[in-house]
Amino acid sequence: MIDLHCHSHFSDGALSPSALVQKALDAGIQLLALTDHDTIDGLTDLHAAAHQQAIRVINGIELSVRWKKYDIHILGLNINAYDEQLNALIKRQNECRITRALQISELMKTCGVVDAYEKACVIAGHRRIGRPHFAQILVDEGKAKDMTTAFKRFLVQGRPAYVPTQWINLEEALTTILNAGGDAVIAHPLKYKLTRSKLYKLITDFKTAGGEAIEVISGDMTKLQINEMLGICMRFNLLASSGSDYHSDTASRIKLGRQQPLPLDCIPLWHKWNEGQ
Ligand code: AMP
Ligand code: MN
Ligand code: MN
Ligand code: MN
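Peer 1: Talk me through the overall build of the protein; I want residue IDs and the actual numbers.
Peer 2: Assigned secondary structure in the protein consists of nine helices and eight strands. For the protein, the C-alpha radius of gyration of 18 Å lies close to 19 Å, the compact-globule estimate for 277 residues. With the C-alpha coordinates of the protein rotated into their principal frame, the extents come out at 55 × 45 × 40 Å. Within the protein, contacts between residues at least 6 apart in sequence are counted, and of these 70% link residues at least 24 apart. Surface summary for the protein: the accessible area is close to 12,800 Å², and the carbon and sulfur share equals 52%. Each charge class in the protein was averaged separately, 31 positive and 30 negative side chains, and the resulting centres sit 8 Å apart.

Dropping the structure here:
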C-alpha cells in the first residue's frame, strides 16, 4: 500500500508526523510521503519515526501556486530538504500565508468574528495559518454548521472572507522542485472545478515547465473520475501518483492509504525511485 499525499499538524492536518507513521504502519503502508502545505518542517520527525521500521518515507511538500486566477496545488516529491532555493521559496510562501491570514482576520470582523488570527494561531499551534483553521473558528463560534459550510459561505472566491493570494507561479514551483532533485505532481486535478479546456491548458503549461506526473488517484473518487484521469494520463503521457490527502479522521472521508488502487495501465511515478537500487 502506498500513500504519497497527506498532512500533519505542521500544516492543516491533525496528527504529528510520528502519529502518521504509526497509522501507516498499522495500515500496512510501505511507502509514505508527507506533503504539508508550503512547509517541510515535519520531515525531520517523519524520518525519526520511520527509522528502522517497515516503511519507506519520502520527503514531500504541497506548494500553493497561482495559475491564472486559480489556486493550484503542486506536490514536490522526493525533494532534497536541504536545497537552498527550495528553502528560500518556502520562506516567501510562509510570508504570503501570514500576510493573507492577517487580511482574512480583518475581513472576519465583518462576519462577526474578532481576533481571528490569534485564535487561528492557537488552533494551529504555529503561524502557517490555512483557511481550515479559520473555518474551524467559524464553526466553533456558531457562524457555520460545519467546515464545508464555513468554506462555502465565507472562505471561497466571491465570499466575504476570501483573499486572493500572491502565491508563486507554476514555473517557479516546477523549477524549484526539479532543482531540488524532486518530482513535480499536479495534486487532485479534479478539485479545481476547471473546464476541461482549462485543465488541459494547465497540464500543458505544467509539462512545458518540466512536470511529469499527475495524481490519478486522490482521496475519494468515483469510477468515472478515475477513468477520466487514466485517459488524461495516457493522452498527455504522464506518470501517475496516488494519495489519500489525509488530514484527520474527521476532516477526511477516507483514511490514510485507503484511496483506490491506480488503474493498471498507469505508470506509477514511484517506480522511478527504485531505479539503481
Ligand atoms: P489554504 O491553503 O489555506 O488556502 O487552504 C486550503 C485547504 O483547505 C485545503 O488543503 C483543504 O485542506 C481545505 N479545504 C479547501 N476547500 C475546502 C472545503 N470546501 N471544505 C473543507 N476544506 C477545504
Ligand atoms: Mn489541506
Ligand atoms: Mn491540496
Ligand atoms: Mn493536500
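Read on for the rest.
Peer 1: Let's hear about the coordination of the manganese ion (ligand 2): which residues, and what values?
Peer 2: Of the protein atoms, only Asp 12 (OD), His 37 (NE2) and His 247 (NE2) coordinate the manganese ion (ligand 2), at distances of 2.1 to 2.2 Å. Sequence positions of the residues that donate to the manganese ion (ligand 2) give the spacing D-x24-H-x209-H. The metal-metal distance between the manganese ion (ligand 2) and the manganese ion (ligand 3) comes to 5.5 Å. In this pair, His 37 is assigned in the loop between strand 2 (31–34) and helix 2 (43–50) and His 247 in the segment after strand 8 (239–243), connecting sequence segments 210 residues apart. Judged by its relative accessible area of 11%, His 37 is buried.

Peer 1: A description of a positive patch on the surface should follow, citing residues and the corresponding values.
Peer 2: Among the surface-exposed residues, Lys 152, Arg 153, Arg 159 and Lys 193 lie close enough to one another that they form a single positively charged patch. In this structure, Arg 153 sits in helix 6 (residues 147–155).

Peer 1: Explain the coordination of the manganese ion (ligand 4) residue by residue, including any values.
Peer 2: Looking at the manganese ion (ligand 4), one finds its protein donor set to be His 5 (NE2), His 7 (NE2), Glu 62 (OE) and Asp 245 (OD), positioned 2.1 to 2.2 Å from the metal centre. Counting along the primary sequence, the residues that act as donors to the manganese ion (ligand 4) give the motif H-x1-H-x54-E-x182-D. Between the two metal centres, the manganese ion (ligand 4) and the manganese ion (ligand 2), the spacing is 4.6 Å. Here His 5 and His 7 have matching classes, each one buried.

Peer 1: Account for the pattern of salt bridges, with residues named and values stated.
Peer 2: A pair can form between side chains of opposite charge whenever their charged atoms are brought close. Counting across every chain of the model gives 14 salt bridges. Glu 172 is the partner of Arg 92 in a salt bridge, and the nearest nitrogen-oxygen pair spans 2.8 Å. Of the two residues, Arg 92 sits in helix 3 (residues 84–109) while Glu 172 sits in helix 7 (residues 170–179), which places them 80 residues apart along the sequence. With relative accessibility at 42%, the residue Arg 92 sits in the partly exposed group. Overall, Glu 172 belongs to the partly exposed group, its relative accessible area being 26%. Here the residues in one salt-bridge network are Asp 183, Glu 212 and Lys 272, joined through shared partners.

Peer 1: Provide a residue-level description of unusual backbone geometry, including the pertinent values.
Peer 2: Of note in the backbone geometry, Asn 237 takes a positive phi value of approximately 55 degrees without being a glycine. Along the chain, the position of Asn 237 falls in the loop between helix 9 (223–235) and strand 8. A positive phi is found at Asp 245, a non-glycine position, where the angle reads about 55 degrees. When you line up the elements, Asp 245 lands in the segment after strand 8. With a relative accessible area of 12%, Asp 245 lands in the buried category.

What counts, and at which threshold
Residues numbered from 1 in each chain as written. Chains lettered and ligands numbered in written order. Predicted model: local features only at pLDDT ≥ 70, side-chain atom pairs only at ≥ 80, totals over all residues. Heavy atoms only, no water. Helix = DSSP H or I, 4+ residues; strand = E, 2+ residues; numbered from the N terminus. Rg over C-alpha atoms; globule rule 2.2 N^0.38 Å. Contact = heavy atoms within 4.5 Å. Areas by Shrake-Rupley, 256 points an atom, 1.4 Å probe, with all protein chains shown as cover. Lys, Arg positive; Asp, Glu negative; His and termini not counted. Charge placed at Lys NZ, Arg CZ, Asp CG, Glu CD. Donors = N, O, S within 2.8 Å, 3.2 Å for Na, K, Ca; no water. Buried < 20%, exposed > 50% of the residue type's maximum accessible area, 1.4 Å probe, protein only. Patch = residues over 30% accessible without salt bridge, like charges linked within 9 Å, V, L, I, M, F, W, Y side chains within 5 Å. Salt bridge = Lys/Arg side-chain N within 4 Å of Asp/Glu carboxyl O.

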